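# Architecture and fold: a report
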Amino acid sequence: AQSVTQLDSQVPVFEEAPVELRCNYSSSVSVYLFWYVQYPNQGLQLLLKYLSGSTLVKGINGFEAEFNKSQTSFHLRKPSVHISDTAEYFCAVSDSDDMRFGAGTRLTVKP
Amino acid sequence: DAGITQSPRYKITETGRQVTLMCHQTWSHSYMFWYRQDLGHGLRLIYYSAAADITDKGEVSDGYVVSRSKTENFPLTLESATRSQTSVYFCASSGTYGTDTQYFGPGTRLTVL
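Remember, predicted model here, so these are calculated numbers, not experimental data. (Residues numbered from 1 in each chain as written. Chains lettered and ligands numbered in written order. Predicted model: local features only at pLDDT ≥ 70, side-chain atom pairs only at ≥ 80, totals over all residues. Heavy atoms only, no water.)

## Examining the overall build of chain A
Within chain A one finds zero helices and twelve strands. Ordering the α and β elements of chain A from the N terminus gives β-β-β-β-β-β-β-β-β-β-β-β. Relative to a compact globule of 111 residues, whose C-alpha radius of gyration would be 13 Å, chain A shows 13 Å and is just as compact. Viewed in the frame of its principal axes, chain A has a C-alpha envelope of about 40 × 30 × 20 Å. The buried share of chain A, reckoned over its 111 residues, is 46%. Long-range pairs, those at least 24 residues apart, make up 55% of the contacts in chain A between residues at least 6 apart in sequence. Surface exposure of chain A reaches about 5300 Å², of which carbon and sulfur atoms provide 48%. Within chain A, the 11 negative side-chain charges are centred at a point lying 1 Å from the centre of the 9 positive side-chain charges. (Helix = DSSP H or I, 4+ residues; strand = E, 2+ residues; numbered from the N terminus. Rg over C-alpha atoms; globule rule 2.2 N^0.38 Å. Buried < 20%, exposed > 50% of the residue type's maximum accessible area, 1.4 Å probe, protein only. Contact = heavy atoms within 4.5 Å. Areas by Shrake-Rupley, 256 points an atom, 1.4 Å probe, with all protein chains shown as cover. Lys, Arg positive; Asp, Glu negative; His and termini not counted. Charge placed at Lys NZ, Arg CZ, Asp CG, Glu CD.)

Have a look at this one:
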């Protein structure tokens, strides 16, 4: 079974600074990769996903992620964050019938 | 309105009691899922269902029971609640498993005293 490691449990950053949230996975088969965001007291919603094709994936709210097969990584980036980006971010990996989520990274954007 | 709803949003119960959490989706998605969210563990799959009357265990299924008599509903039952089942429970649905986006409900916060 695959597994996901989110390398940082908390990431504090100042408004308008760039941010990178790190995600590594392990799997013996081809995988699909996702980033979800959870705002306070809400369910998760999809930011972006990689299924195939270009390794650079663009998502909503200015986020993007790059699939790196050799490093088994799928890091999430945003060049300039806003206060409203404060949330919990989850990386997930799946094959055709098993999806696993990481433990989450809490991004806090400070003014 | 289209979407996925969960009820109740908050529940407090006592050890040993039976509790049922409800989930309803209006998209006619084939797949439905139950997750629990605990600090430090992220989301862990409890059960999932590929269609009406087809269910399968996830990573942490012990102590839970599900049913799916209708495509749109997927209730989760804790037959005899324990304190370790205190958690936030999320229901989700998707068209397929693996590549499709999962759409999540707002969650149910369950406290077992």
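Having seen the model, we can carry on.
## Some thoughts on the pattern of salt bridges
All names here are of chain A. The full count for this structure, using the stated rule, is eleven salt bridges over all chains. Note that Asp85 is salt-bridged to Lys78, the shortest N-O span being 2.8 Å. No difference in accessibility class separates Asp85 from Lys78, as the two residues are buried. Where salt bridges share partners, they join Glu20, Glu66 and Arg77 into one cluster. (Salt bridge = Lys/Arg side-chain N within 4 Å of Asp/Glu carboxyl O.)

## A look at the interface of chain A and chain B
Frequently, the measure chosen for interface size is the accessible area that the parts lose on association. In this complex, chain A contributes 22 residues to the contact, which on the side of chain B involves 19 residues. Both sides of the chain A and chain B interface together cover about 1500 Å² of buried area, and 52% of this is carbon and sulfur. Counting the surface chain A buries against chain B, the share from its top three residues, Leu44, Met99 and Phe101 of chain A, is 29%. Seen at the junction of chain A and chain B, the total is one salt bridge. The partner of Glu59 of chain B in a salt bridge is Arg100 of chain A, with the nearest N and O atoms 3.8 Å apart. There are six residue pairs in polar contact (both at pLDDT 80 or more) connecting chain A and chain B. Among the elements that take part in the side of chain A that touches chain B, strand S5 (residues 32-38) of chain A stands out by supplying four residues, more than any other. (Buried area = accessible area lost by both parts, 1.4 Å probe. Polar contact = N/O pair within 3.5 Å; in protein donor to acceptor, adjacent residues only side chain to side chain.)

## Points about the pairing of strand S3 (residues 19-25) of chain B
Residue and element names in this part refer to chain B. The alternating pattern of S3 places Val19, Leu21, Cys23 and Gln25 on a buried face and Thr20, Met22 and His24 on a face that is not buried. Summarising the sheet, strand S1 (residues 4-7) and S3 pair through four bridges and their orientation is antiparallel. Looking at the pairing, Ile4 lines up with Gln25 of S3. Here S3 pairs with strand S8 (residues 76-78) via three bridges, running antiparallel. By the bridge assignment for S8, Leu21 is matched with Leu76. (Pairing = 2+ DSSP bridges.)

## Quick notes on the nonpolar core
Residues and elements named next belong to chain A. Leu33, Trp35, Leu47, Leu48, Phe74, Leu76 and Tyr89 are the most contacted members of the largest nonpolar core, which totals 28 residues. Counting residues per element, this core draws most heavily on strand S10 (residues 87-94), which supplies four residues. Contacts of Tyr89, omitting those with residues within four sequence positions, involve Gln6, Leu21, Trp35, Tyr36, Val37, Leu47, Phe63, Leu76, Gly104, Thr105 and Leu107. (Core = buried A, V, L, I, M, F, W, Y, C linked by side-chain atoms within 4.5 Å.)

## Examining the confidence of the model for chain A
Detailed reading of predicted coordinates is not advised where the pLDDT is low. Put simply, chain A has an average pLDDT of 93, and 100% of its residues get 70 or more. For chain A, per-element mean pLDDT is lowest for strand S11 (residues 99-101) of chain A, which scores 90, and highest for strand S3 (residues 19-21) of chain A, which scores 98. (pLDDT = per-residue confidence, 0-100.)

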